[in-house]
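In case you want the letters, here they are:
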Amino acid sequence: MGNRVIYFGCRIIALDGFTIPWSNVANTLADDSMQSQRLNLGPWRIDLARETVIADDDHGKLHPRAESLLLLLCRHANELVTREQIHENVWSGRIVEDAAISNSIWQIRKALGDQGRHVLQTWPKRGYLLAIPESAWVTILDGADAAAAEEPRSGDDAPTPHDEDSGAAIVARVPPPRRRLFVSVAVVALILALSAAVAWKTYSDKEARIALRPDAEMTVAVIAPETLEWLRSAVLRVAVEHAYLRDSEVVVFQKLQRRNPFAGPHLQVWIKSERAGQLEAEISLAQGRTTIRKRFHGPAGGLAATLETLLTRALTKSVKRPTPASDAFVSGLVAELQFDNPTALAEFGRAIARDPGMPDAKIAMARVYLEQGRWKDALNLTDGLTADPALKPHQRCMISVLLADAAPEKLGGEVCPRAASLVKLNRLELRDLIRELRRTRGLPKSATQWQAESTLGVIAHLRLQELALAETDIAEIERIARDAGWEHVVAELDSGRSMVAIYQGRAEDSIRLQSSAADRMAAIGDIDSALYHRIWAIRSMQIAPGPAVDARRKELQTIVENAKAIGNVDSELGALDALMRLERDRPDVWQRLAVRIRALSADAHTAEMRANDLYKLLDETRAMRRYREVLSAVASLEQQGTTQTQDQIWNLTLKAESHFARDELVAAVDAVTAMEKENFDIADTSSLCLFSWLFVEARMPDRARAFIRQCQAKTYDRQAQASRGDFGLIAIARQLMLEGDAAKAWSVLKPRIDALIATHELTRQEAESLTALARHAVSMPGADHRSLQRALAATEAISRLDGAGPGLRLGVHLLRWRLCATSLTSDCGPVVPPWAQEDLLEARLAREGVNGTTASRQPGTPTSI
């Protein structure tokens with residue numbers, strides 16, 4: 001039996017019963033170290049004092065340089081050894097290529113077998129670390145017991161160096177000079193063991209182990225100071241590999257957990273401090289009422305080895321064996337969990353190259369492709385996978401979820417509940433979806449399942465205009481996520497609140513919340529999500545013509561470059577779309593952006609997604625006053641046929657708005673009527689108030705009043721009022737004029753016109769709105785033309801600034817023409833400029849307003865000019 005010194009924290013309990021400071025023992029440890037420099041590691045018996053490596057068989061024979069390297073790593077066990085140290089000590093300072101060192105490392109790992117990558121760890125750009133458990137060291141004993149020292153101890157029975165199991169004391173081997181203290185050792189060890197049993201629930205191999213399942217992934221939180229961010233990868237890799245070898249997955253949380261609400265186990269690695277290269281950390285693995293804890297004190301490199309030992313003992317046995325392909329796949333999963341999608345894709349590709357039939361790698365790669373908007377690449381990977389009879393149920397479910405999102409038409413037969421819920425959402429079977437989610441509420445769920453169902457529930461309530469229920473769900477999701485330490489979900493909830501704000505007409509709040517989501521995602525390290533939310537916020541912002549436009553232009557150009565660098569097609573497309581809105585006054589630049597968007601869409605998106613991209617382009621084309629081009633494209637899309645609800649809404653909305661602008665009122669009304677017949681919620685669209693004006697001009701007073709009431713029922717903030725609500729004011733004023741109550745029309749528009757004139761730094765949309773309100777007011781009895789002239793002066797100055805756009809310039813032109821024409825000036829020029837010849841409605845209304853023919857039109861009959 002060997003002699004030991006047992007210590008608590010920073011104090012030593014000496015073997016003769018006296019307690020002395022740890023610092024007083026340091027020299028003794030150094031003096032005695034040469035007495036304990038033998039170890040058994042893998043196939044070798046190593047004597048550091050004699051610098052010998054004895055192999056048990058041919059498998060352990062090493063090249064001389066590899067043997068020297070092994071000795072160096074053993075002398076610095078559990079410490080980082082830099083490449084410079086290796087050059088100096090193994091190659092005597094001679095310059096050699098990195099391949100020479102890598103080859104020696106490979107030989108050592110190969111001899112160590114399956115555990116080689118965990119025992120001999122690579123720290124990128126820093127060096128190597130050999131993680132050796134205490135059980136490998138052979139204690140040199142006195143007298144008759146010396147021979148027993150050559151017998152290796154079982155790794156499973158030996159304590160780990162610098163570890164503290166379940167709150168018990170750490171055990172370190174130091175050969176003291178006297179054997180008479182053996183009884184003291186036994187007594188102290190017994191006391192400590194009893195104390196540990198009282199303080200913590202201990203774990204032994206005889207107890208039931210924690211099982212990982214495909215439907216209940218392991219959640220993991222690695223909490224470390226900023227200076228130790230580099231350690232996360234090593235710790236996370238151990239957890240990910242253990243999960244993968246047991247057919248499960250890992251979900252990463254960002255903060256310490258207060259409560260685990262999910263079905264799977266939660267692993268928490270809390271690195272509390274680092275001093276002089278030594279860590280103090282606590283590892284806990286909890287599921288239900290079972291909690292396993294291990295305290296760690298020691299060099300950073302030993303933490304991953306300690307976690308490896310804990311998980312090996314605590315979890316049920318693996319169902320897979322590691323392979324070169326699985327090594328690459330695990331590396332990809334770790335990169336994905338750390339939001340490094342380019343590296344993840346490279347590693348998944350490497351795994352597939354080593355094992356072309358590896359479905360897990362193809363599914364994971366497709367998942368990342370979808371996140372980046374590379375739909376065609378994702379579907380190419382999943383093609384043919386479902387026909388594989390060897391696929392397991394959880395793998396089939398993951399493929400179904402991908403297809404439900406990317407290509408629901410490819411789903412065949414029965415699908416798993418997660419995929420079925422997505423299908424219901426896409427088909428707008430929202431009540432059925434909510435009922436299904438309610439039936440399973442309160443049942444144990446994995447973290448991923450809970451997140452997916454919670455998100456679907458919020459989206460369903462939003463689409464049904466059940467805003468209070470959506471807000472209630474968001475608050476509950478946030479509470480659960482905060483307790484779990486899942487900050488990524490908490491950050492994402494700002495996006496959900498942003499959508500509630502949009503439905504409530506609070507555009508400015510929506511932008512603020514999306515910006516908050518972007519900042520939170522960037523702080524977590526999720527650059528892909530941060531770009532998405534940043535673009536969403538920018539696209540929702542109104543443009544203020546002037547110097548700010550160039551600053552925003554440069555910001556968007558930077559986003560485009562960042563999106564290219566990480567391969568995120570969706571972010572690049574979103575930034576390009578926002579750039580087009582800025583470049584409406586530069587048709588050549590605008591056209592180049594459109595060409596780039598079409599090329600990206602064709603390369604990365606499916607036919608259905610390309611249609612969505614085209615709708616966005618067509619909406620922008622409409623803003624450029626090119627209505628016939630829009631209508632021609634929509635007609636072509638309708639001929640191709642579509643069953644997607646959103647596509648039908650896009651088609652009909654673009655048709656109604658474009659026909660209305662061209663004064664083709666019958667066709668415009670027909671498009672809105674078709675939307676009503678399909679039960680599309682027009683009140684949910686940004687065109688609600690515009691359509692109320694359409695029905696006024698179409699001489700359909702009853703339908704006009706119904707739409708006006710819905711428009712007035714909405715509450716709009718500053719931004720949304722200009723882009724939506726002001727059309728409703730025009731509708732009300734025009735209705736009064738057509739009904740013979742023109743004297744009241746000016747009083748409807750005057751407060752809004754005065755407010756906009758008094759607004760400091762009008763946005764482009766507000767300036768466009770001011771010109772629209774003012775030009776319609778010109779012909780109203782009692783209108784104050786001095787106010788209207790001030791409106792012209794304010795908007796005319798803005799129309800000359802960078803980013804004004806054709807809509808504002810047309811509005812200024814029409815307001816100037818109407819004021820000119822009503823002042824009996826002989827030559828006011830053309831009603832509309834040459835580049836706006838398709839704005840037939842505005843041209844007709846301008847002429848009628850000046851000629852006084854507005855009220856002479858017969859109500860009740862739609863017109864087409």
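The rules behind the values
Residues numbered from 1 in each chain as written. Predicted model: local features only at pLDDT ≥ 70, side-chain atom pairs only at ≥ 80, totals over all residues. Heavy atoms only, no water. Pairing = 2+ DSSP bridges. Helix = DSSP H or I, 4+ residues; strand = E, 2+ residues; numbered from the N terminus. Disulfide = S-S within 2.5 Å. Buried < 20%, exposed > 50% of the residue type's maximum accessible area, 1.4 Å probe, protein only. Core = buried A, V, L, I, M, F, W, Y, C linked by side-chain atoms within 4.5 Å. Contact = heavy atoms within 4.5 Å. Axes fitted to C-alpha atoms, helices over the stretch in contact; angles between N-to-C directions. Parallel < 35°, antiparallel > 145°, perpendicular 65-115°, else oblique. Phe/Tyr/Trp six-rings, centres within 6.5 Å; stacked < 30°, edge-to-face > 60°.

Draft legend 1. A look at the sheet that holds strand β4 (residues 38-41). Here we have 4 strands laid out as an open sheet, ordered β6-β5-β4-β10, and antiparallel in their pairing. In the strand order of this sheet, the two ends are held by β6 (52-55) and β10 (137-138), each with one partner. Two strands pair when backbone bridges link them, and β4 and strand β5 (residues 44-47) are joined in this way by 4 bridges, in the antiparallel orientation. Bridge pairing links arginine 38 to aspartate 47 in β5.

Draft legend 2. Highlighting the state of the cysteines. Overall, the coordinates contain 3 disulfides when judged by the stated rule. Here cysteine 689 pairs with cysteine 711 through a disulfide, and the sulfurs are 2.0 Å apart. On the sign convention where negative means left-handed, the S-S torsion of about 95° between cysteine 689 and cysteine 711 marks this disulfide as right-handed. Note that cysteine 689 is positioned in helix α28 (residues 688-697) and cysteine 711 in helix α29 (residues 701-713), a separation of 22 residues in sequence. For cysteine 689, a relative accessible area of 1% gives the class buried. Among the residues examined, cysteine 711 registers a relative accessible area of 5% and is labelled buried. Across the chain, the way the bonded cysteines pair up, counted in sequence order, is 1-2, 3-4, 5-6.

Draft legend 3. A look at the nonpolar core. Counting residues in each nonpolar core, the largest one holds 86 residues, and the members touching the most others are Met218, Leu267, Val269, Ile271, Leu285, Leu303 and Phe329. Beyond its immediate sequence surroundings of up to four residues, valine 269 is in contact with Ala221, Val222, Ile223, Val235, Glu282, Ile283, Leu303 and Leu307. Core analysis: the second largest hydrophobic core is formed by 65 residues, Ala671, Leu688, Ala745 and Leu773 among them.

Draft legend 4. View of the side chain of histidine 488. With respect to the element layout, histidine 488 can be found in helix α18 (residues 487-503). Ignoring sequence-local partners within four residues, the contact set of histidine 488 consists of Gln254, Phe339, Met521, Ile524, Asp526 and Ser529.

Draft legend 5. Spotlight on the packing of helix α19 (residues 507-524) against helix α30 (residues 718-738). Where α19 contacts α30, the axes come no closer than 6 Å and their chain directions differ by 120°. It follows from the interaxial angle that α19 and α30 lie oblique. Counted together, Ala507, Glu508 and Ile511 of α19 and Arg718, Gln719 and Ala720 of α30 form the full contact between these two elements.

Draft legend 6. How the structure looks around the packing of aromatic side chains. Inspection of every chain in the model, using the stated rule, returns 11 aromatic pairs. Plain terms: the ring middles of phenylalanine 262 and tryptophan 450 are 5.3 Å apart, the flat faces sit at 50° to each other, and that makes the pair tilted. Highlighted residues: phenylalanine 262 in the loop between β14 (250-253) and β15 (266-275) and tryptophan 450 in helix α16 (residues 447-463), separated in sequence by 188 residues. Assigned by exposure class, phenylalanine 262 and tryptophan 450 land together as buried. Aromatic pair phenylalanine 660 and tryptophan 693: ring centres 5.2 Å apart, planes at 80°, arrangement edge-to-face. Taken together, the residues span a long stretch of sequence, with phenylalanine 660 in helix α26 (residues 645-661) and tryptophan 693 in helix α28 at a distance of 33 residues. Neither phenylalanine 660 nor tryptophan 693 differs from the other in exposure class; each is buried. An aromatic cluster is built from Phe253, Phe262, Trp450 and Trp486, whose rings are joined through pairwise contacts.

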